Protein chains: 2
Amino acid sequence: MFANLPEPPYYAVIFSSQHSAEHDGYEAMAERMMALASASAGFLGAESARDAEGFGITVCYWRSLEEIAAWKRDAEHRVAQRMGREKWYAGFRLRVARVERGEAWEKA
Amino acid sequence: MFANLPEPPYYAVIFSSQHSAEHDGYEAMAERMMALASASAGFLGAESARDAEGFGITVCYWRSLEEIAAWKRDAEHRVAQRMGREKWYAGFRLRVARVERGEAWEKA
């Protein structure tokens, strides 16, 4: 559930999205994209939550901006990006950030 | 649902958390904290999603690290932080990041 990350600095891609009414094929694509991203150079981990109204936030963590750019250009990922716009998403925001500080807490 | 943000750079506090079994008082506290944060100097906006299993991500956006630090020290917020550890959360991660780039898309 929580990503196991190294000490900062590293990079975060914060992707928030609102689902459209069309869900067909979304789950399979999301799983495939997470598997592909996880196998990509520089991928450090990801966390994701979506509420009952279809609003979700996925944060993927990466070692470098160059590796984020390479993932963005991945051929299969580009097909998924296009299908997201055509079908699954009513809107999204994407923000790329450099993580400077991290803190973890677990109940004893 | 989506935060309306200015052009980067600005800062993100990425807070991911797993709820414990104790929910009493959580919703009221969460609403109060969002109202308090929204009224704090430097607060730019927030987005939040929590799934059916109690895993959630809230991203708050701020103008500066100094204003994030001031919010962290807010007296009422500190009480909420302590209650979160004692009661509402099984675990959390908190990451502070500098947003370098933002992208927005809405279905036409």
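In the block above lies the structure referred to throughout.
From a predicted model like this one, the values you see are computed outputs, not experimental measurements.

Thresholds applied
Residues numbered from 1 in each chain as written. Chains lettered and ligands numbered in written order. Predicted model: local features only at pLDDT ≥ 70, side-chain atom pairs only at ≥ 80, totals over all residues. Heavy atoms only, no water. Helix = DSSP H or I, 4+ residues; strand = E, 2+ residues; numbered from the N terminus. Rg over C-alpha atoms; globule rule 2.2 N^0.38 Å. Buried < 20%, exposed > 50% of the residue type's maximum accessible area, 1.4 Å probe, protein only. Polar contact = N/O pair within 3.5 Å; in protein donor to acceptor, adjacent residues only side chain to side chain. Contact = heavy atoms within 4.5 Å. Axes fitted to C-alpha atoms, helices over the stretch in contact; angles between N-to-C directions. Parallel < 35°, antiparallel > 145°, perpendicular 65-115°, else oblique. Left-handed = near helix turned anticlockwise from the far one by under 90°. Nonpolar A, V, L, I, M, F, W, Y, C, P; charged D, E, K, R; others polar. Least-squares fit on C-alpha atoms with pLDDT ≥ 70 in both. Pairing = 2+ DSSP bridges.

Turning next to the overall build of chain A. Each helix and strand in chain A was counted, giving three helices and four strands. From first element to last, N terminus to C terminus, chain A shows the α and β order β-α-β-β-α-α-β. Taking 2.2 N^0.38 as the reference for a compact globule, 108 residues should give roughly 13 Å; the C-alpha atoms of chain A span a radius of gyration of 14 Å, in line with that estimate. Dimensions of chain A along its principal axes, counting C-alpha atoms only, are 40 × 35 × 20 Å. Scored against the burial criterion, the 108 residues of chain A give a buried share of 47%.

Among the secondary structure elements, A:Gln18 is positioned in strand E1 (residues 10–19). Judged by its relative accessible area of 16%, A:Gln18 is buried. A polar atom in the side chain of A:Gln18 sits 2.9 Å from the backbone oxygen of A:Glu53. Setting aside residues up to four positions removed in sequence, A:Gln18 forms contacts with A:Glu53, A:Gly54, A:Phe55, A:Trp88, A:Tyr89, A:Ala90, A:Gly91, B:Met1 and B:Phe2.

Residues and elements named next belong to chain B. The contact between helix H1 (residues 26–38) and helix H3 (residues 75–88) brings their axes to 11 Å, and the two run at 150 degrees. Our classification of the angle between H1 and H3 gives roughly antiparallel. Here the hand of the crossing between H1 and H3 comes out left-handed. Judged by residue contacts, Tyr26, Met29, Arg32, Met33 and Leu36 of H1 engage Glu76, His77, Ala80 and Trp88 from H3. Per-class residue counts for the contact of H1 with H3 are six nonpolar, one polar and two charged.

Attention now moves to the relation of the copies chain A and chain B. Expressed as a screw operation, the relation of chain A to chain B combines 0.0 Å of axial shift with a rotation of 180 degrees, fitting to an RMSD of 0.0 Å. In the structure described here, the two chain copies are related by an operation that fits a two-fold rotation axis. Same-surface contact between copies: 100% of interface residues of chain A are shared with the interface of chain B.

Strand order in the open sheet made by the eight strands is E2(A)-E3(A)-E1(A)-E4(A)-E4(B)-E1(B)-E3(B)-E2(B), with antiparallel pairing throughout. The open sheet has two free edges, formed respectively by strand E2 (43–50) of chain A together with strand E2 (43–50) of chain B, since each of these has just one partner strand. Across this sheet, the average inter-strand angle for adjacent strands is 25 degrees, counted without regard to direction. With 15 bridges connecting them, strand E4 (residues 89–106) of chain A and strand E4 (residues 89–106) of chain B associate as antiparallel partners. Bridged to A:Gly102 within E4(B) is B:Arg95. Of the strands in this sheet, E1, E2, strand E3 (55–62) and E4 of chain A touch helix H1 (residues 26–38) of chain A, which is tilted by about 160 degrees from E2(A).

On their own, these measurements won't tell you what the molecule is for.
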